[in-house]
Amino acid sequence: MLGPHFDRWAPHYDDSVLLPLYQAAHDAVLVQAAAVVGPRGRILDVGCGTGRLMEAATRRFPHATVTGVDLSGTMLSVAVVARRPGARLRFVRAEVEHLPFADAAFDLVVSTYSFRHWAEPCAGTREIARVLRPQGVFVVADVSDPPRRGVLGRMSRRRPRVPEACAVALANADLTVVRTGRVAGFGPITESVIVLATRRERKPGRVSAIM
């Protein structure tokens, strides 16, 4: 269980030396979301931690409602104190594999650096697909896979590669990748990938890259 681990981390989470990396990922995720989500959207942050991305989302989407889900009750307690939830900002303790929301409840689901901690990534991603409205968007940021060698390695340097576990989970949930991008590394993390996926069917073609 990762909950107790993050409970211990929660009081000092916002003082992490990796905060610049988290902030860069939050900004990149919201920039991509702004291109596809209306200003009055319904947004869900999975693995919301102390709510930093949610707070930024309320500034970028001033008329949206933003919900955060996390397994750690202590993380949510810190978020409640720091972010002052109200009509447009709320926090819910839940597992991603069992989201307590109706079908098609959200226009946008985001997740930054929580995917690798999910107990069942495929089940969690299917739940995200369930709570997304038709043509809804899922934007996930995660640490890049180790670089490949040879021709595949050179291709991945030109176009960011979806981490393998994430690609499998998205395909399993019938979510289609439409865009990928990079976030520069910081400290022990050399690079992260931003992946935008949607329930919308698309014509066959190349995945576009965002830099």
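**Here we look at the packing of helix H2 (residues 19–34) against helix H3 (residues 52–60)**
- Relative orientation of the contacting elements H2 and H3 amounts to 35°, with a least axis distance of 10 Å. Like other packed secondary-structure pairs, H2 and H3 cross with a definite hand, here right-handed. Contacts from Leu19, Gln23, His26, Val29, Leu30, Val31 and Ala34 in H2 reach Arg52, Leu53, Ala56, Ala57 and Arg60 in H3.
- Considering only residue class, the contact of H2 with H3 consists of eight nonpolar, two polar and two charged.

**Describing unusual backbone geometry**
- Its identity is not glycine, yet Ala104 carries a phi of approximately 55°, on the positive side.
- Relative to the assigned elements, Ala104 resides in the loop between strand E3 (89–93) and strand E4 (106–112).
- Its identity as a non-glycine residue notwithstanding, Asp174 has a phi of 60°, on the positive side.
- Assignment of secondary structure puts Asp174 in the loop between helix H7 (164–172) and strand E6 (176–186).

**Quick look at the pairing of E3**
- Two strands pair when backbone bridges link them, and strand E2 (residues 65–70) and E3 are joined in this way by five bridges, in the parallel orientation. Bridge pairing in E3 links Asp70 to Arg93.
- Chirality of the crossover, the property in question, places the unit of E2, helix H4 (residues 73–83) and E3 among those that are right-handed.

**Side note on the nonpolar core**
- Val29, Phe61, Phe91, Leu108, Val139 and Ile194 are the most contacted members of the largest nonpolar core, which has 33 residues in total.
- Looking at this core, the elements that each hand over two or more residues are H2, H3, H4, E3, E4, strand E5 (132–143), E6 and strand E7 (189–198).
- Those residues in contact with Phe61 that sit more than four places away from it in its chain are Leu30, Ala33, Ala34, Val37, Gly38, Pro39, Ile43 and Arg88.
- Among the nonpolar cores identified, the runner-up in size contains 28 residues, and Val92, Phe106, Cys166 and Val177 belong to it.

**Some details on the pattern of salt bridges**
- For the structure on display, the rule yields seven salt bridges.
- With its nearest N and O atoms 2.7 Å apart, the salt bridge here joins Arg130 to Asp103. Placement of the pair is Arg130 in helix H5 (residues 121–131) and Asp103 in the loop between E3 and E4, with a sequence separation of 27 residues.
- For Arg130, a relative accessible area of 25% corresponds to the partly exposed category.
- Judged by its relative accessible area of 54%, Asp103 is exposed.
- Between Arg116 and Asp142 there is a salt bridge, with its nearest N and O atoms 2.8 Å apart. Taken together, the positions of Arg116 in the loop between E4 and H5 and Asp142 in strand E5 put the pair 26 residues apart, joining distant regions of the chain.

**Quick word on the side chain of Ser111**
- Here Ser111 shows up in strand E4.
- Judged by relative accessible area, Ser111 falls into the buried class, the value being 0%.
- A distance of 2.6 Å separates the side chain of Ser111 from the side chain of Ser114, its partner in a polar contact.
- Leave out the neighbours within four places in its chain, and Ser111 touches Asp45, Val46, Trp118, Phe138, Val139, Val140 and Ala141.

What counts and what doesn't
- Residues numbered from 1 in each chain as written.
- Predicted model: local features only at pLDDT ≥ 70, side-chain atom pairs only at ≥ 80, totals over all residues.
- Heavy atoms only, no water.
- Axes fitted to C-alpha atoms, helices over the stretch in contact; angles between N-to-C directions.
- Helix = DSSP H or I, 4+ residues; strand = E, 2+ residues; numbered from the N terminus.
- Left-handed = near helix turned anticlockwise from the far one by under 90°.
- Contact = heavy atoms within 4.5 Å.
- Nonpolar A, V, L, I, M, F, W, Y, C, P; charged D, E, K, R; others polar.
- Pairing = 2+ DSSP bridges.
- Right-handed = clockwise from strand over helix to strand, strands pointing away.
- Core = buried A, V, L, I, M, F, W, Y, C linked by side-chain atoms within 4.5 Å.
- Buried < 20%, exposed > 50% of the residue type's maximum accessible area, 1.4 Å probe, protein only.
- Salt bridge = Lys/Arg side-chain N within 4 Å of Asp/Glu carboxyl O.
- Polar contact = N/O pair within 3.5 Å; in protein donor to acceptor, adjacent residues only side chain to side chain.

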